[in-house]
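Architecture at a glance
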Amino acid sequence: MDGGVRATMRKLGDYPGVSRAHLDVARSYSSPLLIGPPICDEFIALVEHMYTEEEAEIVRHIKPWRLKGAASIAAASGRPVSEVREILHRLAHEKYLLISVGKEHRERFAILPIVPGTFEHVLIRRSPESVTPWHRRFAELFEALFATGYVAEYNSRPTHSVRYLPVAEAVEAIPMAMPSDRLEAIMDDYDDFAVGVCQCRLTKTMLGEGCGRPLEVCMVMGSFTSRLASEGRARRVDRQEAVEIKKAAEKEGLITWMLNDRSSKSFRCSCSCCGCCCDALRQITEFNVPGFIAPPHYLPHIDLRACNACGKCARVCTMKAVEVAGEGDLKRVEQKVERCIGCGLCAVACPENAVTMREVPGYREPPAHIPAYLARYGHNYLFNTYKVWSSRRRGA
C-alpha cells in the first residue's frame with residue numbers, strides 16, 4: 001500500500017487509562033466483519049470521543065451485525081429499561097452513532113462500521129451551519145484514523161462496491177452508455193428525492209483542507225428520503241432540481257457514483273465526489289487500491305495525432321489518471337489506466353476532440369440487485385475479512 005500514515009497496532013491492554021466500557025466498544029468496532037480499524041491510538045481517541053463512559057456502558061452490549069432492544073441491553077447492563085432506552089434514543093436520533101429499526105418498544109439498535117457507515121450517518125446534514133464543536137472534533141479524529149490507510153487492508157480482493165455514473169455533458173461524451181449507466185435513467189424509478197452536504201468534503205472543509213467544490217451534492221432517493229427530511233438532515237427537492245444539482249456538480253469536476261447494483265427499488269444514495277476529499281476515491285488517489293470502485297464501462301482513448309498537450313484533460317481529472325509530461329515540443333499526455341474510473345470529463349474538457357470514450361472489452365454489467373451483488377462479490381469480502389483477522393492475530 002502506498003500513501004497513508006500507518007497506524008501503530010496496539011493491544012487493548014496498552015490503554016490502562018481508558019475505561020473498560022470504551023475498550024469493549026472499541027473491540028466490537030474493530031471487528032474485521034465490520035471492516036474495522038486495528039486497535040491504535042487514533043482509533044481509541046475516536047471511540048472515546050464518540051461515546052461518554054455512560055453511553056459506552058450501554059453500547060458495549062451491542063455486538064457487530066446484531067440488533068438489540070432496550071430491554072435486553074438493560075438486562076445485560078443491570079440498569080432500568082427506561083434509562084437505557086433514553087440513552088439509546090439519544091445515540092440513534094441525536095448523535096446518529098447507532099442505527100435503529102422499528103418504533104417505540106419494538107425499536108432495536110445496531111452499530112455500523114466506522115466507514116462506510118458511522119462516519120456518513122453522523123455527518124449527513126442539510127447544511128454546514130448545523131455542525132457543532134463535537135462534530136468538528138469527530139471529523140478531525142476520523143480523518144486522523146482514515147489517513148492511516150487501514151481501509152486498504154480490506155482490498156486484497158476487489159469488492160467493487162460503488163460505480164461511476166455519467167451525468168449531463170459526460171453522457172454526451174459517452175453516447176453508447178446504457179440506461180443502467182446513466183444517473184437520470186436510474187432516477188426514473190423514484191418519486192422522492194432529498195439532498196444534503198457531502199460528508200467527506202464537509203470534513204475536509206472543517207479541517208481547512210477543502211477543495212472549494214460544492215457541498216450540497218449528496219442525494220437520497222426512495223424510502224429513506226422521508227426520514228432524513230423529517231430529521232432535518234436533508235433538504236427535499238423534486239427530480240428536476242436533483243438533476244440540476246448533479247449537473248452543476250459535474251461542471252465543477254465532481255464525479256457521481258452509486259452502489260454497484262441495478263435495481264435497489266426502495267432506496268438509493270448518490271454522492272458527487274472528488275479524488276482529494278472523497279474517502280472512496282482516496283483509496284485510489286492516496287492508497288493505490290482500486291478494488292472498492294467497480295471497473296469502468298468506458299475508458300478514454302487519446303488520439304496523440306490530434307492532441308496538442310494543452311493539459312485541460314489533466315486539470316479536470318480528479319483521479320490524477322492523466323498527466324502532461326515534458327516541456328515545449330516534447331510535451332506529451334500520459335495515462336494511468338489503473339487510476340481511471342471512466343468518468344469522461346477529460347473528453348468533455350478536450351478542445352481538440354482528441355479524447356473519445358471507448359467500451360472496455362469484456363465489461364460485466366452491475367449485479368441486478370443486492371442478493372446478486374453478494375453472490376458475485378461476497379466471497380471476496382469474506383476473504384478480505386479473514387485475511388485481516390489472520391494478519392492481526394499473527395501480529396498480536
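These figures come from a predicted structure and were not determined experimentally.

Quick notes on the nonpolar core
- Phe43, Tyr51, Leu88, Leu98 and Ile114 are the most contacted members of the largest nonpolar core, which has 95 residues in total.
- For this core, the element with the most residues is helix H7 (residues 133-146), which contributes six residues.
- Leave out the neighbours within four places in its chain, and Leu88 touches Ile58, Ile62, Ala70, Ile73, Leu98 and Phe109.
- Formed by 14 residues, the second largest nonpolar core is a distinct cluster that contains Leu165, Leu183, Tyr190 and Phe193.

Observations regarding H7
- Taking 1.5 Å of rise per residue, the 14 residues of H7 would be expected to cover 20 Å, and the 20 Å separating its terminal C-alpha atoms lies within 8% of that figure.
- For H7, the set of buried residues is His135, Phe138, Ala139, Leu141, Phe142, Glu143, Leu145 and Phe146.

Description of the sheet that holds strand E6 (residues 216-222)
- Taking strand neighbours across the sheet as the criterion, the six strands line up as E4-E8-E9-E6-E5-E7 in an open arrangement whose pairing is antiparallel. Each edge of the open sheet carries a strand with a single partner, namely strand E4 (162-165) and strand E7 (235-237). On average, adjacent strands in this sheet sit at an angle of 30° to one another, irrespective of strand direction.
- Two elements, strand E8 (residues 255-259) and strand E9 (residues 267-273), share four bridges in a ladder whose sense is antiparallel. Paired with Thr256 across the bridge in E9 is Ser272.
- Here helix H12 (residues 239-251) sits on the sheet in contact with E4, strand E5 (193-197), E6, E7, E8 and E9, set at roughly 140° to E6.

Some thoughts on the sheet that holds strand E2 (residues 98-101)
- Judged by pairing direction, the sheet is antiparallel, and its three strands sit side by side in the order E1-E3-E2 without closing on themselves. Looking at strand neighbours, the two that pair on one side only are strand E1 (68-69) and E2, the edges of this open sheet.
- Relative to strand E3 (residues 108-111), E2 runs antiparallel, the two sharing four bridges. The partner of Ser100 across the bridge, within E3, is Phe109.

Digging into helix H4 (residues 70-77)
- Residues Ala70, Ile73 and Ala74 constitute the buried set of H4. In an axial view of H4, the angular spread of the buried residues amounts to 100°, which keeps them on one side of the axis.
- On the buried face of H4, the contacting elements are helix H3 (53-59), E1 and helix H5 (81-93).
- Following H4 by one or two positions, Gly78 adopts a phi angle in the positive range, close to 70°.

What to know about the packing of aromatic side chains
- Counted by the stated rule, this structure contains seven aromatic pairs.
- Relative to Phe287, the ring of Phe146 lies with its centre 5.8 Å away and its plane at 50°, an arrangement referred to as tilted. Of this pair, Phe146 sits in helix H7 while Phe287 sits in the loop between helix H13 (282-285) and strand E10 (298-302), and the two are 141 residues apart along the sequence. The burial state of Phe146 is the same as that of Phe287; both residues are buried.
- Among the aromatic residues, those joined into a ring-pair cluster are Phe119, Phe142, Phe146 and Phe287.
- Here the basic side chain of Arg157 rests over the ring of Phe383, its NZ or CZ set 3.6 Å away from the ring centre.
- Sitting above the plane of the Tyr96 ring, Arg233 keeps its charged end 3.6 Å from the centroid.

Overview of the pattern of salt bridges
- With the rule as written, the count across this model stands at 27 salt bridges.
- A salt bridge links Arg282 to Asp279; its shortest N-O distance comes to 3.3 Å. Of the two residues examined, Arg282 and Asp279, each falls in the buried class.
- Because the salt bridges share partners, they merge into one network encompassing Glu143, Lys204, Glu209, Asp279, Arg282 and Glu286.

Concerning the pairing of E2
- Of the two faces of E2, the one lined by Leu98 and Ser100 is fully buried and the one lined by Ile99 and Val101 carries no buried residue.
- A loop of six residues connects E2 with E3, the two strands running antiparallel in sequence, and Gly102 in this loop sits at a positive phi of about 85°.

Concerning the confidence of the model for the protein
- Scored by pLDDT, the protein has a mean of 89; 94% of the residues are at 70 or more.
- For the protein, the element scoring lowest by mean pLDDT is helix H8 (residues 169-173), at 65; helix H2 (residues 41-50) scores highest, at 98.

What about the packing of helix H1 (residues 20-29) against H2?
- Two elements in contact, H1 and H2, have axes separated by 10 Å at closest approach and are oriented at 115°. For the crossing formed where H1 meets H2, the hand is right-handed. Two secondary-structure elements touch here, H1 through His22, Leu23, Val25, Ala26 and Tyr29 and H2 through Phe43, Ile44, Val47, Glu48 and Met50.
- Here the residues of the contact of H1 with H2 sort into eight nonpolar, one polar and one charged.

Some points on unusual backbone geometry
- Pro116 follows Val115 through a cis peptide bond whose omega is -5°.
- Counting through the fold element by element, Pro116 comes out in helix H6 (residues 114-123).
- Phi is positive for Tyr96, which is not a glycine, with a value near 60°.
- Here Tyr96 shows up in the loop between H5 and E2.

Reading the values: rules and limits
Residues numbered from 1 in each chain as written. Predicted model: local features only at pLDDT ≥ 70, side-chain atom pairs only at ≥ 80, totals over all residues. Heavy atoms only, no water. Core = buried A, V, L, I, M, F, W, Y, C linked by side-chain atoms within 4.5 Å. Buried < 20%, exposed > 50% of the residue type's maximum accessible area, 1.4 Å probe, protein only. Helix = DSSP H or I, 4+ residues; strand = E, 2+ residues; numbered from the N terminus. Contact = heavy atoms within 4.5 Å. Expected span 1.5 Å × (residues − 1). Pairing = 2+ DSSP bridges. Axes fitted to C-alpha atoms, helices over the stretch in contact; angles between N-to-C directions. Arc of directions from axis to C-beta. Phe/Tyr/Trp six-rings, centres within 6.5 Å; stacked < 30°, edge-to-face > 60°. Lys NZ or Arg CZ within 6 Å of the ring centre and 35° of its normal. Salt bridge = Lys/Arg side-chain N within 4 Å of Asp/Glu carboxyl O. pLDDT = per-residue confidence, 0-100. Left-handed = near helix turned anticlockwise from the far one by under 90°. Nonpolar A, V, L, I, M, F, W, Y, C, P; charged D, E, K, R; others polar.

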